[in-house]
Amino acid sequence: MTIPAPVAVALDAPDLETAALWADLVTPHVSTVKIGLELYLRYGPDVVASIRGASTVRVFLDLKLHDIPATVARSARIVARLHPDLLTVHASGGPDVIRAAAEAAPDTMIAAVTLLTSLSEEQLGLIGVSANVHDTVLRLSTLAVEAGARGLVCSPREVGAVRAEVGPDIVLITPGVRPAGSAPHDQARVATPEEAVLAGSDLLVIGRPITGAADPGAAAAGVAASLRRLAAVAGTPAPR
Ligand code: C5P
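Caption draft 1: Structural view of the packing of helix α1 (residues 16-26) against helix α11 (residues 216-234). The interhelical angle for the contact between α1 and α11, taken along N-to-C directions, is 45°, at an axis separation of 8 Å. It follows from the interaxial angle that α1 and α11 lie oblique. In the packing of α1 onto α11, the handedness of the crossing is right-handed. The segment α1 lies against α11, with W22, L25 and V26 engaging P216, G217 and A220. The residue inventory of the contact of α1 with α11, partitioned by class, reads 5 nonpolar, 1 polar and no charged.

Caption draft 2: Seen up close, the site of the ligand. Among the 13 residues in the neighbourhood of the ligand, the closest are listed as D12, R178, Q187, G207 and R208. Separating an oxygen atom of the ligand from a backbone N or O atom of G207 is a distance of 2.7 Å. R208 places a polar side-chain atom, nitrogen or oxygen, 2.7 Å from an oxygen atom of the ligand. A total of 460 Å² of accessible area belongs to the ligand in isolation, and the protein chains cover 84% of it. Considered class by class, the residues forming the shell around the ligand number 5 nonpolar, 3 polar and 5 charged.

Quick notes on the rules
- Residues numbered from 1 in each chain as written.
- Predicted model: local features only at pLDDT ≥ 70, side-chain atom pairs only at ≥ 80, totals over all residues.
- Heavy atoms only, no water.
- Axes fitted to C-alpha atoms, helices over the stretch in contact; angles between N-to-C directions.
- Helix = DSSP H or I, 4+ residues; strand = E, 2+ residues; numbered from the N terminus.
- Parallel < 35°, antiparallel > 145°, perpendicular 65-115°, else oblique.
- Left-handed = near helix turned anticlockwise from the far one by under 90°.
- Contact = heavy atoms within 4.5 Å.
- Nonpolar A, V, L, I, M, F, W, Y, C, P; charged D, E, K, R; others polar.
- Near = heavy atom within 4 Å.
- Polar contact = N/O pair within 3.5 Å; in protein donor to acceptor, adjacent residues only side chain to side chain.
- Areas by Shrake-Rupley, 256 points an atom, 1.4 Å probe, with all protein chains shown as cover.

Encoded structure:
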């Protein structure tokens, strides 16, 4: 059996049946499926068990928690009962928020979202952040890791600098990944799977290029094969 590729397929589906079908089709090929806020709000906490089913696929619950530490702690404790493998929290909530989530859900990897990739430099200025995107991402990365985050979500453009900043043990997760030739959709700053892995990404978040394909299973298998070829040539680390 081949090792599933370090890819989290974003199940941004209109309904649970479609999300579960996509999960079934891609799980032989990828390590992780990602449940976002829309699916969670629509179907509630049971969506996690529905999607996981009897499979061993890892579940990435992308709720991007952002509130005061006490509220995040209680929320993370409730969510931990669903046994997600990963849970996102905004790093901009500050170290106490990250620490609260990490302590409340010790068996779940807390992945801190550094800066939303939809935020431009100009918009950062509008919300009163005078540092540039690059420096802000690095500062938030350090802060989050020191507070107990074991993963960081960042763009493939920043992943190299973030890796240099936080070292080899932190799991770096990158959305904005597009296999060569696929449409960018609304992602402004994209990289191919190979580029993202070579830059230091451990887990590639890919949605529409896989779920929008005529055959999502075949599309996931294609990405997995391209990463296996890369590992054979470049000796990239084994997926985690
Ligand atoms: O379809 P696509 O590959 O663009 O999906 C990317 C997924 O990653 C979506 O679920 C999106 O919400 C999420 N995401 C992102 N950029 C971030 C954080 C999360 O695209 N900075």
